[in-house]
Amino acid sequence: MPDPDRRPDPDLLLGRIRADEAHADRGKLKIFLGYAAGVGKTYAMLEAAHQRLHEGIDVVVGYVETHGRAETEAMIRDLELVPRRLLEYRGITLQEMDIDAVLNRHPKLVLVDELAHTNAPGSRHTKRYQDVEELLAQGIDVYSTLNIQHIESLNDVVAQITSVRVSETIPDRVIDEATELELVDLPPDELLGRLREGKVYVPEQAARAVQRFFRPGNLTALREMAMRRAAERVDDQMRAYMETRDIPGPWPAKERLLVCVSPSPLADRLIRTTRRLADGLKAEWVAVHIETPDDTRLSQTEHDRIFRALRLAEELGGKALTLPGRSIPEAVMGYARQHNITQIVIGKPVRPPWRDYLGGSVVDRITRASGAIDVHVISGTSDSKSRVVRPTEWRTHQPWGRYVQSLLLVAAGTLLSALVHPLFSPANLVMIYLLTVLVAAITLGRGPSILAAILSVAAFDFFFVPPTLTMAVSDSEYILTFVALLAVSLVVSNLAVRVREQARLAIRRASQTAEMYDLSRDLAVAVDLQAILDAVIRHVSQTFDRQAVILTAYDQSDAVVPRAQTPGMELSQNELAVATWAFRNAQPAGRGTDTLPAATVRYLPLTTSQGVVGVLGVGPAQTQGHLSPDELHLLEAFASQAALAIERARLAEQARRADVLQATERLQAALLNSISHDLRTPLVAITGTLSSLQEDEGQMDAATRRSLVENAAAEAERLNRLVGNLLDMTRIEAGGLKALLEPCELEDVVGSALEQLAHRLDDRPVTVRVPAGFPMLPMDFALMVQVFVNLLDNALKYSASGSPIEVSASSAQGAAEIEVADRGVGIPPEDLGRVLDKFYRVQRPGSVTGTGLGLSICKGIVEAHGGSIVAKNRPGGGTRVTISLPLQNPGGAANEGQP
């Protein structure tokens, strides 16, 4: 019984919940695992499919290989078959599962036989398990079959047991991520009986299979491996159950494994062995390649071998790293101690033993420095064809012209020594030759510096050691001088070359770091999406010396189109299809990947927490070489930075639109608040008047009736003016207001405005002062009358009854200034800058009502005339509104102005 006081680890529970949420929309994979062909995996899968079909589940057959077996063909008859895709390859028609047809059909469950199968060239994915992963990503459940020998980490073990190397394998993570694993077992004797009866292969194939693969010993070993793998899966489920429920048990300490990767062909074997060790220990593991100065002289084949080994480590679920270092043992042990590595896996040297005696064995040095860390030394093949020649200190440099330059340096040193020889003893001339060797090492490289060292000793002996001009030595003390000169020259040469190569590596890494910093800086200051895309393209092109393109979705669809690219880079329809697949599935595709590898461009999805925002495509280099793991990691970092920057730009655009929408909503609210009362008041008055007149049955006298009609007319006029203001404001906002400019007398304009407001000016003294001879102004008469009506109406509202209103005009510097002033309450200083804005009203207790459109309409009309309007407080109290209009038509000979 579990202890009731113990509680499950919340971190484990949270991790389990997050894992379940991540796979909530993903389909479930069930693998029927066997140890050899003929044990009944496909039959068991079909039986399970029939059971699901009887339960009402939508089941289809994506691909099932019957191998001509009658019982298997009978099981398929009742199931829906999705037509297969036909592909032509070297004159042969091949059949493959049509993944697009399955996706369009979108069943609940699909049967896909032979999970490790390699698809025919021209298929979307290289391997069938990748087709299955795409189906799972779309929420489709999959039943599939697999033999134990097709698991990648067991490839070497199976080859050792059966002497047959299986070429079709799947990564171990596919097994690890499967929802369910069902072991399909059959005793080896019964399997051999089925084989002899022709139920597995035709008789000719069966005879060859019994001789080569289907031997009792092989089958027994493979059966044990399958059972162990199934038992490990059950053990994993049991441990997960115990951990999430905090059931006490003997939990082993956490192990961490490190495997050293070199250009040796043994690297793949080391990685698979480490994966098996990590599985047995339930441990994390990492594959590390130490990049020393000698790596600068590796061939392209050796670089590719390292790249493939590190990539295999990632496929098998490990972590792949490339670390710089002066020596392999020093860098490996430094990383191991820093990251709490408990076990190191390294390959047994395959080079000749005398090389280890001269330069020291890497295995021995790691073993001596390991301390408490366990070291596993894995043996490899002794076949000379599998050996790889690692570059050493003594590898010569090309081109041969450098050796000629080295010879010239020694000649120059000899000439200098001859010039100073009368002043110094021969032993002191050694320093000149040491300087010559050092210059050769720094400028020419290792090989020419070694030649310089040997030639320096020979030249010193021939020209300056008695007897001169011979290689004989009369004084035995010079023998020690020769040996010391040669030894020091070689050491100095080696150290100088190493420093130069390490400096080259440091410069390269510093350059990458600087590029990452520059990209981050440029993305931080980019103001819009296009600037971000251009910055990413520029930096990717500069850093990797390759063409690049960024594609984003077009018009909310799942098809992508290029938005930014390096000059001269064009994408065909096939390339766009590959990029679209990477965008839809959020997985890398194209060149250098396992998905559509025939493409010429590698496509990386730009993924953020909000989803995929685009695709980054990187074309091949001039040398057609692959990106190294370090370059891939840097490229992925670039892609992450680009994705975050694109998401930031889109969020900023959404925020801007939200601000505009919010401002629009505020404007609409202000409009409704402003006009609701102003519209309702005259309508209520008019309605009330009409109702009173309608209900009058001769009881209302003529004076009352006249008063009601006059009040209704005034309210109707007020309503008409309000609607007119709204329409005018709409015209101004839309840019549709045009002023027909004609010479007009200012007195006529002001007079027309006073006439319209005559019924409200009975008790108001209005003073109009226009100087004699005031010039005629280019104005739209009707629009300017409306301006003065609004200004006078505003003065009437905000000034006391009986207070004066003044209209004055003046001209100066080619402009006319007209002022409308009152002795009212004035404008608060904080509101002076906003009184001309639409729907803005000064808020103060007891203030009059209004829509806040009058002054804003005046502003629009005046600006349409090429003028300006300003509202200020008047000394002594009140408000002064000043209009400035040009004395000449601002449109020249044209007779109309456009706002």
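Parameters at a glance
- Residues numbered from 1 in each chain as written.
- Predicted model: local features only at pLDDT ≥ 70, side-chain atom pairs only at ≥ 80, totals over all residues.
- Heavy atoms only, no water.
- Helix = DSSP H or I, 4+ residues; strand = E, 2+ residues; numbered from the N terminus.
- Buried < 20%, exposed > 50% of the residue type's maximum accessible area, 1.4 Å probe, protein only.
- Contact = heavy atoms within 4.5 Å.
- Areas by Shrake-Rupley, 256 points an atom, 1.4 Å probe, with all protein chains shown as cover.
- Pairing = 2+ DSSP bridges.
- Axes fitted to C-alpha atoms, helices over the stretch in contact; angles between N-to-C directions.
- Expected span 1.5 Å × (residues − 1).
- 1 Å grid on protein atoms, 1.4 Å probe; cavity = no way out; pocket = protein on both sides within 12 Å on 5 of 7 lines; lining within 4 Å.
- Points joined across faces, edges and corners; volume = space filled by probe spheres on them.
- Nonpolar A, V, L, I, M, F, W, Y, C, P; charged D, E, K, R; others polar.
- Parallel < 35°, antiparallel > 145°, perpendicular 65-115°, else oblique.
- Left-handed = near helix turned anticlockwise from the far one by under 90°.
- Core = buried A, V, L, I, M, F, W, Y, C linked by side-chain atoms within 4.5 Å.
- Phe/Tyr/Trp six-rings, centres within 6.5 Å; stacked < 30°, edge-to-face > 60°.
- Lys NZ or Arg CZ within 6 Å of the ring centre and 35° of its normal.
- Salt bridge = Lys/Arg side-chain N within 4 Å of Asp/Glu carboxyl O.
- Polar contact = N/O pair within 3.5 Å; in protein donor to acceptor, adjacent residues only side chain to side chain.
- Patch = residues over 30% accessible without salt bridge, like charges linked within 9 Å, V, L, I, M, F, W, Y side chains within 5 Å.
- pLDDT = per-residue confidence, 0-100.
- Arc of directions from axis to C-beta.

### Some words on the overall build of the chain
Then, in step 1: Helix and strand counts for the chain come out as 26 helices and 27 strands.
Then, in step 2: Residues classed as buried in the chain amount to 44% of the 899 residues present.
Then, in step 3: Taking the contacts inside the chain whose residues are at least 6 apart along the sequence as the reference set, 70% of them involve residues at least 24 apart.
Then, in step 4: With the model as given, the accessible surface of the chain reaches about 46,100 Å², and the carbon-plus-sulfur share is 55%.

### Some thoughts on the sheet that holds strand β25 (residues 868-873)
Then, in step 1: Reading across the sheet, the 5 strands line up as β21-β23-β24-β26-β25 and stay open at both edges, with mixed pairing between neighbours. This sheet does not close on itself; its edge strands, each paired only once, are β21 (766-769) and β25. Neighbour-to-neighbour, the strand axes of the sheet open up by a mean angle of 15 degrees, direction not taken into account.
Then, in step 2: Judged from the 7 bridges that link them, strand β24 (residues 815-822) and strand β26 (residues 879-886) form a sheet pairing that is antiparallel. Paired with Ile818 across the two strands is Ile883, which belongs to β26.
Then, in step 3: Strands in contact with helix α24 (residues 746-756) are β21, β23 (805-812) and β24; relative to β21, the strand with the most contacts, it is inclined by about 170 degrees.
Then, in step 4: Sitting on the sheet, helix α26 (residues 854-864) touches β25 and β26, and the angle it makes with β25 is about 140 degrees.

### Structural notes on helix α17 (residues 430-443)
Then, in step 1: Along its 14 residues, α17 runs 20 Å from first to last C-alpha, staying within 8% of the 20 Å computed at 1.5 Å per residue.
Then, in step 2: Those residues of α17 that sit buried are Val430, Ile432, Tyr433, Leu434, Thr436, Val437, Ala440 and Ala441.

### Quick notes on the sheet that holds strand β11 (residues 319-324)
Then, in step 1: With respect to topology, 5 strands assemble into an open sheet ordered β11-β10-β9-β12-β13, the strand pairing being parallel. Each edge of the sheet is formed by a strand with only one pairing partner; in this case those strands are β11 and β13 (374-378). Sheet twist, expressed as the mean angle between neighbouring strand axes with direction ignored, is 25 degrees.
Then, in step 2: Those strands touched by helix α11 (residues 267-281) are β9 (256-260), β10 (284-291), β12 (343-347) and β13, and its axis lies near 175 degrees from that of β9.
Then, in step 3: In the packing of helix α13 (residues 328-338) onto the sheet, contacts are made with β9, β10, β11 and β12, and the angle to β10 comes to roughly 150 degrees.

### A closer look at empty space enclosed by the protein
Then, in step 1: Summed over all chains, the structure comprises 2 cavities of 30 Å³ or more.
Then, in step 2: Estimated volume of the second largest cavity: approximately 40 Å³.
Then, in step 3: If you trace the second largest cavity, you find it lined by Leu791, Asn794, Ala795, Val820, Asp822, Thr879, Arg880 and Val881.
Then, in step 4: Within the residue set of the lining of the second largest cavity, elements represented by two or more residues are α25 (781-797), β24 and β26.
Then, in step 5: Considered class by class, the residues forming the lining of the second largest cavity number 4 nonpolar, 2 polar and 2 charged.

### Concerning the pairing of β24
The side chains of a regular strand alternate, residue by residue, between the two faces of the sheet.
Then, in step 1: With 6 of 8 residues buried, β24 lies mostly within the body of the structure.
Then, in step 2: Taken together, the 8 bridges between β23 and β24 define a ladder with antiparallel strand orientation. The residue bridging Ser808 from the neighbouring strand is Glu819, located in β24.
Then, in step 3: Between the antiparallel neighbours β23 and β24 lie 2 residues, among them Gln813 with a positive phi of about 55 degrees.

### Regarding the packing of α25 against α26
Then, in step 1: Close contact between α25 and α26 brings their axes to 9 Å; oriented N to C, the two are set at 150 degrees. For the element pair α25 / α26, the angle class is roughly antiparallel. Taken as a pair, α25 and α26 cross one another with a handedness that is left-handed. Every residue of α26 that contacts α25 at Leu783, Met784, Gln786, Val787, Asn790, Leu791 and Asn794 is listed here: Gly854, Leu855, Ile857, Cys858, Ile861 and Val862.
Then, in step 2: Taken together, the residues that form the contact of α25 with α26 break down as 9 nonpolar, 4 polar and no charged.

### Details of the nonpolar core
Then, in step 1: Ranked by size, the top nonpolar core spans 61 residues in total, and within it Tyr35, Leu111, Leu135, Leu146, Ile148 and Phe214 carry the most contacts.
Then, in step 2: With 5 residues, the top contributor of residues to this core is helix α2 (residues 41-54).
Then, in step 3: The next biggest cluster of nonpolar side chains, apart from the first, holds 43 residues, and it includes Leu791, Val820, Leu855 and Val881.

### Some details on unusual backbone geometry
Then, in step 1: Within the chain, Arg90 stands out as a residue other than glycine whose phi angle is a positive 55 degrees.
Then, in step 2: Mapping Arg90 onto the fold places it in the loop between β4 (85-89) and β5 (92-96).
Then, in step 3: By relative accessible area, which is 74% here, Arg90 ends up exposed.
Then, in step 4: Of note, the phi angle at Glu114 is positive, near 55 degrees, even though the residue is not glycine.

### Side note on the packing of α24 against α25
When two helices pack together, their arrangement is given by the angle between the helix axes and the distance between those axes.
Then, in step 1: Interaxial distance between α24 and α25 falls to 8 Å at its minimum, and their mutual angle equals 55 degrees. With respect to their mutual orientation, α24 and α25 come out oblique. In this structure, α24 meets α25 at a crossing whose hand is right-handed. Contacts between α24 and α25 pair Leu746, Asp748, Val749, Val750, Ser752, Ala753, Leu754 and Gln756 from the former with Phe781, Met784, Val785, Phe788, Val789 and Leu792 from the latter.
Then, in step 2: Taken together, the residues that form the contact of α24 with α25 break down as 11 nonpolar, 2 polar and 1 charged.

### Some remarks on the packing of aromatic side chains
Then, in step 1: Inspection of every chain in the model, using the stated rule, returns 2 aromatic pairs.
Then, in step 2: On the basis of an interplanar angle of 75 degrees and a centroid distance of 5.6 Å, the ring pair of Phe32 and Tyr143 is categorised as edge-to-face. With Phe32 in strand β1 (residues 29-34) and Tyr143 in strand β7 (residues 141-147), the pair connects residues that are 111 residues apart, well separated along the chain.
Then, in step 3: What makes Phe32 buried here is its relative accessible area of 0%.
Then, in step 4: Arranged with centres 5.7 Å apart and planes meeting at 75 degrees, the rings of Phe544 and Phe638 form a pair that is edge-to-face. Of this pair, Phe544 sits in helix α20 (residues 529-544) while Phe638 sits in helix α22 (residues 629-695), and the two are 94 residues apart along the sequence. Exposure class is identical for Phe544 and Phe638. Each is buried.
Then, in step 5: Between Arg84 and the ring centre of Tyr63, over which it is positioned, the NZ or CZ distance is 4.0 Å.
Then, in step 6: When the ring centre of Tyr63 is taken as reference, the NZ or CZ atom of Arg128 above it lies at 4.0 Å.

### Here's the deal with the pattern of salt bridges
Then, in step 1: As enumerated under the stated definition, the model contains 30 salt bridges in all.
Then, in step 2: With its nearest N and O atoms 3.6 Å apart, the salt bridge here joins Glu806 to Arg769. Separated by 37 residues along the polypeptide, Glu806 in strand β23 and Arg769 in strand β21 bring together distant segments of the chain.
Then, in step 3: Among the charged side chains, a network of salt bridges with common partners joins Asp172, Asp176, Arg229, Arg275 and Asp279.

### What about the environment of Leu408?
Then, in step 1: In this fold, Leu408 is placed in helix α16 (residues 401-420).
Then, in step 2: Using a relative accessible area of 55% as the deciding quantity, one classes Leu408 as exposed.
Then, in step 3: Counting along the chain gives 44 residues from Leu408 to Ala452, while the straight-line C-alpha distance between them is 9.3 Å.

### Side note on the side chain of Gln343
Then, in step 1: Among the secondary structure elements, Gln343 is positioned in strand β12.
Then, in step 2: Residue class for Gln343 comes out buried when judged on its relative accessible area of 7%.
Then, in step 3: A distance of 2.4 Å separates the side chain of Gln343 from the side chain of His376, its partner in a polar contact.

### Description of a nonpolar patch on the surface
Then, in step 1: On the surface, Leu435, Leu438, Val439 and Ile442 cluster together into a nonpolar patch covering about 310 Å² of accessible area.
Then, in step 2: Within the secondary structure, Leu438 sits in helix α17.

### A word on the confidence of the model for the chain
Detailed conclusions should not be drawn from predicted coordinates in areas where pLDDT is low.
Then, in step 1: Averaged over the chain, the pLDDT score is 78; the fraction of residues at 70 or greater is 76%.
Then, in step 2: Counting contacts from residues 1-5, a segment whose pLDDT is below 50, to residues more than four positions away or on other chains yields 0 contacts.
Then, in step 3: Every residue in residues 249-253 scores below 50 in pLDDT, and together they form 5 contacts with partners more than four places removed in sequence or on other chains.

### A closer look at helix α6 (residues 155-162)
Then, in step 1: Turning to α6, its buried residues are Asn155, Asp156, Val158, Ala159 and Thr162. The buried residues of α6 all sit within an arc of 165 degrees when viewed along its axis, so they share a single face.
Then, in step 2: The positive-phi residue at the C-terminal boundary of α6 is Ser163, with phi of around 65 degrees.

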